[in-house]
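# A closer look at the structure
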Amino acid sequence: MSVQWFPGHMTKAIRQIQSRIQEVDMIIECRDARIPFSSSNPVIDEIIGNKPRLIVLTKRDLALNNITDDWVSNFNDQVEVLNVHKDNVKRKILNGCLRAMKPKHDRDLRRGIKPRMIRAMILGVPNVGKSTLMNRLANKKVADVSNRPGVTRALKKVKVSDQLEVIDSPGLLWPRFEQVEIGYHLALCLSVKESGYQIDDVVKYGINHLVPYYENLIKERYQVTDLNDFENLFNKAASLRGQPLDRGAFIVLTDIQNHVFGPMSWETYDFVRTTFLEKE
Ligand SMILES: Nc1nc2c(ncn2[C@@H]2O[C@H](COP(=O)(O)OP(=O)(O)OP(=O)(O)O)[C@@H](O)[C@H]2O)c(=O)[nH]1
Ligand SMILES: [Mg+2]
């Protein structure tokens, strides 16, 4: 069964964002480094139009470095890859924004107009780290942050420095995911609420993709030998925690979402290119 989550607050947020998009010079578009394709949102593309954009791949610490590197080398846009908690976010974002704005600043300079403060709006799918990024830029807690989708519900503007002002925004999805994998990837990265999908389907997809990297760790954690027998795996996951058996799939889902096995990239550039992009 496919994944779907497009609640009313997102439709409202899209309207709010569209009504204030003229206020900003450029967009900081956050995507999840584990799913650079699945977290690229067609609704956001439409909102951005031809405004300058800096793509920020967040949560680089949760993705596999070689796969992230491959993605970055295939981007045409300006891109920064961040662990939003640890990296020098302020410097990297300001430099990225200056690079994205350079063609406009050069045009202005030729006409004798000095570059003024850059106004940027942060956009992205839910739970990708937009508010965490804004808090790091502001050097203080200006927005609530939590590891679940749909935390931010309103736009919020913060002055970062004399060179940069940013607006944080609610996470956006789109009404229908064209491929079932997109929904699974967003669910595994906690960008979709659980009510939007069948947990068993998402967990089976997740485990099957983790096996090539973490087979032994998965077998050890749930004390199983056959990773094709999901009923047994779910039962073991539940009984090892002393929980009712029907909680098994949810327990495994939470383990995957909390990346207990280690870093994971759910989509490689080559997979996306051959499976999705070349078919269009
Ligand atoms: N490991 C890791 N966690 C991160 C990173 N950036 C953000 N997070 C975590 O991701 C979770 C979601 O962060 P938020 O900043 O609330 O995400 P958001 O995009 O504002 O989410 P919505 O407001 O729901 O759209 C929090 O638990 C953050 O601590 C990162 O680079 N690495
Ligand atoms: Mg937020």
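Conventions we followed
- Residues numbered from 1 in each chain as written.
- Chains lettered and ligands numbered in written order.
- Predicted model: local features only at pLDDT ≥ 70, side-chain atom pairs only at ≥ 80, totals over all residues.
- Heavy atoms only, no water.
- Helix = DSSP H or I, 4+ residues; strand = E, 2+ residues; numbered from the N terminus.
- Rg over C-alpha atoms; globule rule 2.2 N^0.38 Å.
- Contact = heavy atoms within 4.5 Å.
- Areas by Shrake-Rupley, 256 points an atom, 1.4 Å probe, with all protein chains shown as cover.
- Lys, Arg positive; Asp, Glu negative; His and termini not counted.
- Charge placed at Lys NZ, Arg CZ, Asp CG, Glu CD.
- Buried < 20%, exposed > 50% of the residue type's maximum accessible area, 1.4 Å probe, protein only.
- Pairing = 2+ DSSP bridges.
- Right-handed = clockwise from strand over helix to strand, strands pointing away.
- Salt bridge = Lys/Arg side-chain N within 4 Å of Asp/Glu carboxyl O.
- Donors = N, O, S within 2.8 Å, 3.2 Å for Na, K, Ca; no water.
- Near = heavy atom within 4 Å.
- Polar contact = N/O pair within 3.5 Å; in protein donor to acceptor, adjacent residues only side chain to side chain.
- Phe/Tyr/Trp six-rings, centres within 6.5 Å; stacked < 30°, edge-to-face > 60°.
- Arc of directions from axis to C-beta.

### Some thoughts on the overall build of the protein chain
Helix and strand content of the protein chain: ten helices and six strands. Here the protein chain has a C-alpha radius of gyration of 20 Å; the compact-globule value for 280 residues is 19 Å, and the two agree. With the C-alpha coordinates aligned to their principal axes, the bounding extent of the protein chain is approximately 70 × 35 × 35 Å. Here the analysis covers contacts within the protein chain between residues at least 6 apart in sequence; of these, 69% occur between residues at least 24 apart. Working note: accessible area of the protein chain is about 13500 Å², and carbon and sulfur atoms make up 46% of it. Each charge class in the protein chain was averaged separately, 41 positive and 34 negative side chains, and the resulting centres sit 10 Å apart.

### What to know about the pairing of strand S2 (residues 53–58)
With six of its six residues buried, S2 lies for the most part within the structure. Side chains Arg53, Ile55 and Leu57 project from S2 onto one buried face, and the interleaved Leu54, Val56 and Thr58 project onto a second face that is buried too. The pairing of strand S1 (residues 26–32) with S2 spans six bridges and is parallel. Note on S2: the bridge partner recorded for Asp32 is Thr58. Between the parallel elements S1 and S2, the chain passes through helix H2 (residues 42–48) in a crossover that is right-handed. Inspection of the sheet shows S2 paired to strand S3 (residues 78–81) by four bridges, in the parallel sense. Among the inter-strand pairings, Val56 is bridged to a residue of S3, identified as Glu80.

### Here we look at the pattern of salt bridges
What the rule picks out here adds up to 19 salt bridges. Residue Asp32 pairs with Arg34 through a salt bridge whose shortest N-O separation is 2.7 Å. Arg34 gets classed as buried once you look at its relative accessible area, which sits at 5%. With its nearest N and O atoms 3.4 Å apart, the salt bridge here joins Lys159 to Asp162. Residue classification places Lys159 among the exposed residues on the basis of a relative accessible area of 52%. We classify Asp162 as exposed; its relative accessible area is 65%. Ionic contacts of the salt-bridge type, sharing partners, join the residues Arg20, Glu23, Lys157 and Glu165 into one network.

### Describing the side chain of Asp168
Among the secondary structure elements, Asp168 is positioned in strand S6 (residues 164–168). Buried charge without a salt bridge: Asp168, with Lys130 as the nearest opposite-charge side chain at an N-O distance of 5.9 Å. Among all residues touching Asp168, those that are not within four sequence positions of it are Ile122, Lys130, Ser131, Met134, Ala143, Thr152, Ala154, Leu155 and Lys156.

### Digging into the coordination of the magnesium ion (ligand 2)
Here the magnesium ion (ligand 2) is held by the protein donor atoms Ser131 (OG) and Thr152 (OG1), which lie 2.0 to 2.1 Å from it. With Ser131 in helix H5 (residues 130–138) and Thr152 in the loop between H5 and strand S5 (156–159), the pair connects residues that are 21 residues apart, well separated along the chain. Of the two residues examined, Ser131 and Thr152, each falls in the buried class.

### Overview of the site of ligand 1
Of all residues adjacent to ligand 1, which total 23 residues, the nearest are Asp61, Val84, Lys130, Thr132 and Gly150. Between His85 and ligand 1, the recorded distance is 3.0 Å, taken from a side-chain N or O atom to an oxygen atom. For ligand 1, an oxygen atom lies 2.9 Å from a polar atom in the side chain of Ser131. Protein burial of ligand 1: of its 660 Å² of free accessible surface, 92% is covered by the chains.

### Structural notes on the packing of aromatic side chains
With the rule as written, the count across this model stands at nine aromatic pairs. Ring centres of Tyr213 and Tyr214 lie 6.3 Å apart, and the angle between their planes is 40°; this geometry places the pair in the tilted category. Here Phe271 and Phe276 contribute two aromatic rings whose centre-to-centre distance is 5.7 Å and whose plane-to-plane angle is 80°, an arrangement assigned as edge-to-face. Given a relative accessible area of 29%, Phe271 falls into the partly exposed group. Assessed through its relative accessible area of 3%, Phe276 is described here as buried.

### Details of helix H8 (residues 230–240)
Inspection of H8 places Phe230, Leu233, Phe234, Ala237 and Ala238 among the buried residues, and these make up the whole buried set. Buried residues of H8 fall within an arc of 130° about the axis and therefore sit on the same side. Considering only its buried residues, H8 is in contact with helix H7 (199–222) and helix H9 (248–257). Backbone nitrogen of Glu231 and a side-chain oxygen of the N-cap are separated by 3.4 Å at the start of H8; the cap is Asp229. Gly242, located one to two residues past H8, shows a positive phi value of around 65°.

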